[in-house]
Amino acid sequence: MKALEWMGDSLKILDQTRLPIEIKYRLATNYEEVAEAIEKMEVRGAPAIGAAAAYGYALGAIKYDGELANLKEHMEKVQKRLAETRPTAVNLFWALRRMEDRMRELHDVTDFGKIKQVLISEADQIAEDDRQVNYLIGEEGNSIIPEEANILTHCNAGALATVEYGTALGVIRAAHRSNKKINVYAGETRPFLQGARLTALELMKDEIPVTLIADNMAGFLMQQGKVDLVLVGADRIAANGDTANKIGTYSLAILAQAHEIPFYVAAPTSTIDLKVASGQEIPIEERDAQEIREVFGVQVAPADVDVYNPAFDVTPSKLITGIITEKGIVTPPYSVNLLKMMVRT
Ligand code: MRU
């Protein structure tokens, strides 16, 4: 199951809002459709959002039928539309910046065919980089996984959240492939149920033992000694190591600390945002109230009850045992060690 696939002049997006009930695709033929798919979370997960946006940007150029002289202005509009889709995952802005950099380098090129080709190949490269990086994260992360481990994860940081393989689930896949005895507890992840709908599905397809729990069961599991480590993905990591991830991650980090259980984050370096000093500066997306009042279209609360629906929270770096990246595992002090790792080639 691939979250996205470039078809030459359109982007095939697996509609994750329908999983696991139905396998449905959207063929996005222009940048607006890609933006819509990101907003509606048909494609979701920080690295997958980044790759989708890159192809969306390329589509913005491919489908442009105006004067070449006005292309720059048009591409600024395309960038703005894609950038406003979701605010928290920095991979979106990172990928768009890579695309804009290529576009800028093309300022004196008059061959429109050449421009399109350069933009498509940059989007392809972003996708390919993500694919490779996830296997490296898997290898790096496998070094901290014991021979037998019960791992609690949250949301979906798997193949569906990336171009392939996954970050946190990449580590789990690598451990399973190296014959470690792994059992995964997947928190269901209200309100969007990425854990129940996506993580459970992905792991079952790979025959990795997985047990689904409701989010409010994590503390009891830990108290019973059923969790050896917590392993999650990330949407944005600040320069001091504070990590924004799916709402509910912070509660798990507090619980892990209280039970002296290691808490690891797995993410590509494209998720690290050194321009943001601490978690307080990370913009947190708030989503529609209906996601809380309803569970997938079925009303579960008074129709007009007030709702607060932040999609992410920030785990302070002091609660994080280590951050697993493609360049190695970063441990505290994060302010020093993240910077050191980022400048290393
Ligand atoms: O709202 P989502 O589903 O896009 O949130 C996804 C997460 O929070 C993931 O844990 C994160 O993006 C890492 S995915 C490798």
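All values derive from a computational prediction rather than experimental measurement. (Residues numbered from 1 in each chain as written. Predicted model: local features only at pLDDT ≥ 70, side-chain atom pairs only at ≥ 80, totals over all residues. Heavy atoms only, no water.)

Notes on the pattern of salt bridges
By the definition in use, this model includes 23 salt bridges. In this structure, Glu42 engages Arg26 in a salt bridge whose closest nitrogen and oxygen atoms are separated by 2.7 Å. Note that Glu42 is positioned in the loop between α1 (31-39) and α2 (46-62) and Arg26 in strand β3 (residues 25-28), a separation of 16 residues in sequence. In terms of burial, Glu42 and Arg26 fall into one category: buried. We note a salt bridge from Glu128 to Arg131, for which the minimum N-O separation is 3.0 Å. (Salt bridge = Lys/Arg side-chain N within 4 Å of Asp/Glu carboxyl O. Helix = DSSP H or I, 4+ residues; strand = E, 2+ residues; numbered from the N terminus. Buried < 20%, exposed > 50% of the residue type's maximum accessible area, 1.4 Å probe, protein only.)

Structural notes on helix α11 (residues 334-343)
Those residues of α11 lying buried are Tyr334, Asn337, Leu338 and Met341. Projection of α11 onto a plane perpendicular to its axis shows the buried side chains occupying an angular sector of 100 degrees, all on one side. Relative to its buried face, α11 has exposed residues pointing more than 90 degrees away, namely Lys340 and Val343. Against the buried residues of α11 lie β8 (236-238), β11 (272-273), β15 (322-325) and β16 (328-330). (Arc of directions from axis to C-beta. Contact = heavy atoms within 4.5 Å.)

Quick word on the packing of aromatic side chains
In total, this model carries four aromatic pairs according to the counting rule given. Relative to Tyr55, the ring of Trp6 has its centre 4.9 Å away and its plane inclined at 10 degrees; by these criteria the two rings are stacked. With Trp6 in strand β1 (residues 4-6) and Tyr55 in helix α2, this pair connects stretches of sequence that are 49 residues apart. Here Trp6 matches Tyr55 in class, with each residue buried. (Phe/Tyr/Trp six-rings, centres within 6.5 Å; stacked < 30°, edge-to-face > 60°.)

Overview of the site of the ligand
In the region of the ligand, 18 residues are neighbours, and Arg86, Gln194, Asp235, Asn245 and Lys246 sit closest. Within the side chain of Arg86, a nitrogen or oxygen atom sits 2.8 Å from an oxygen atom of the ligand. About the coverage of the ligand: the protein hides 100% of its 420 Å² of free accessible area. The set of elements that each furnish at least two residues to the shell around the ligand consists of α2 and β9 (243-246). Looking at side-chain class alone, the shell around the ligand contains eight nonpolar, six polar and four charged residues. When residues of the shell around the ligand are sorted by domain, at least three fall in each of domain 1 (4-135) and domain 2 (138-343). (Near = heavy atom within 4 Å. Polar contact = N/O pair within 3.5 Å; in protein donor to acceptor, adjacent residues only side chain to side chain. Areas by Shrake-Rupley, 256 points an atom, 1.4 Å probe, with all protein chains shown as cover. Nonpolar A, V, L, I, M, F, W, Y, C, P; charged D, E, K, R; others polar. Domains from an automatic or database assignment.)

Read these as layout, nothing more, since geometry by itself doesn't imply function.
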